[in-house]
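# Structure at a glance
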Amino acid sequence: MALTRRRDLADDLVQDTLLRAWSNQDLFIPGTNLRAWAFTILRSRFFSLYRSRKKEIGIGADLIASRNAKRPEQFAVVALSDFREALERLPAGQREALVLTAALGFSFEEAAEICKVPLGTVKSRVSRARHALQEFALDDAEFAFTSMTEHICHQALQLH
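Residues numbered from 1 in each chain as written. Predicted model: local features only at pLDDT ≥ 70, side-chain atom pairs only at ≥ 80, totals over all residues. Heavy atoms only, no water.

### Concerning the environment of Asn33
- Assignment of secondary structure puts Asn33 in the loop between α1 (7-23) and α2 (34-53).
- For Asn33, a relative accessible area of 30% puts it in the partly exposed group.
- In this structure the C-alpha to C-alpha distance between Asn33 and Glu110, which are 77 residues apart in sequence, comes to 8.6 Å.
- Not counting chain neighbours up to four residues away, the residues in contact with Asn33 comprise Phe28 and Glu110.
- A polar contact is formed between the side chain of Asn33 and the side chain of Glu110, at a distance of 2.5 Å. (Helix = DSSP H or I, 4+ residues; strand = E, 2+ residues; numbered from the N terminus. Buried < 20%, exposed > 50% of the residue type's maximum accessible area, 1.4 Å probe, protein only. Contact = heavy atoms within 4.5 Å. Polar contact = N/O pair within 3.5 Å; in protein donor to acceptor, adjacent residues only side chain to side chain.)

### Notes on the side chain of Thr17
- With respect to the helices and strands, Thr17 occurs in helix α1.
- Judged by its relative accessible area of 4%, Thr17 falls in the buried class.
- For Thr17, the residues in contact, after removing those within four places along its chain, are Ala38, Ile41 and Leu42.

### Some points on the side chain of Gln94
- Within the secondary structure, Gln94 sits in helix α5 (residues 92-103).
- Setting aside chain neighbours within four positions, we find Gln94 in contact with Arg125, Arg128, Ala129 and Ala132.

### Side note on the environment of Ala102
- By secondary structure assignment, the location of Ala102 is in helix α5.
- C-alpha separation for the pair Ala102 and Val126, spaced 24 residues apart in sequence, amounts to 8.7 Å.

### Quick word on the environment of Leu98
- As for its placement among the helices and strands, Leu98 is situated in helix α5.
- Overall, the relative accessible area of 3% leaves Leu98 in the buried class.

### A closer look at the packing of α5 against helix α6 (residues 108-115)
- The interhelical angle for the contact between α5 and α6, taken along N-to-C directions, is 135°, at an axis separation of 9 Å. Compared by their axis directions, α5 and α6 come out oblique. Of the two elements, α5 crosses α6, and the hand of that crossing is right-handed. When α5 is examined against α6, the residues Glu96, Leu100 and Thr101 are found in contact with a partner set consisting of Phe108, Ala111, Ile114 and Cys115.
- For the contact of α5 with α6, the class distribution of residues is 5 nonpolar, 1 polar and 1 charged. (Axes fitted to C-alpha atoms, helices over the stretch in contact; angles between N-to-C directions. Parallel < 35°, antiparallel > 145°, perpendicular 65-115°, else oblique. Left-handed = near helix turned anticlockwise from the far one by under 90°. Nonpolar A, V, L, I, M, F, W, Y, C, P; charged D, E, K, R; others polar.)

### Digging into the pattern of salt bridges
- Inspection of the entire model under this criterion finds 4 salt bridges.
- With a shortest N-O distance of 3.1 Å, Arg20 and Asp16 are connected by a salt bridge. On the criterion of helical spacing, the pair formed by Arg20 and Asp16 is a turn pair, its members being 4 residues apart in helix α1.
- Between Glu96 and Arg43 there is a salt bridge whose closest N-O contact spans 2.4 Å. Here Glu96 is found in helix α5, whereas its partner Arg43 is found in helix α2, with 53 residues between them in sequence. (Salt bridge = Lys/Arg side-chain N within 4 Å of Asp/Glu carboxyl O.)

Okay, structure coming up:
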């Protein structure tokens, strides 16, 4: 969801990743991190699909329609929705580093390996993402950063 921002595309991406991992299982090196290997496949497939779908018409219309939808009434759902909106504002690299480390539980080293960037780059991206989310919370009057949202943000940004 963090990469595609759409449940249907996320489901397709995961299914495609699992099929590719299964068909290329002979390329997996026993004793290495299977989760990181699978996520590397997922990430590569996402960027391949993104480049091809960027040319399609209609993807932007779905995103605009979802943004104009009425917000849910439930407090926790609203808080989570606010957090998701703030997360979507982050640059792709920062969002990816934050999701890998904070949400998916990968270490900084594993995230650096998955993203094929230096360790310091991942640490910097996570730090910048955390600060940006805090700034969004302080600067955006429409961003309802209630105590529930603070709790969700705190839980999502816990670093190991």
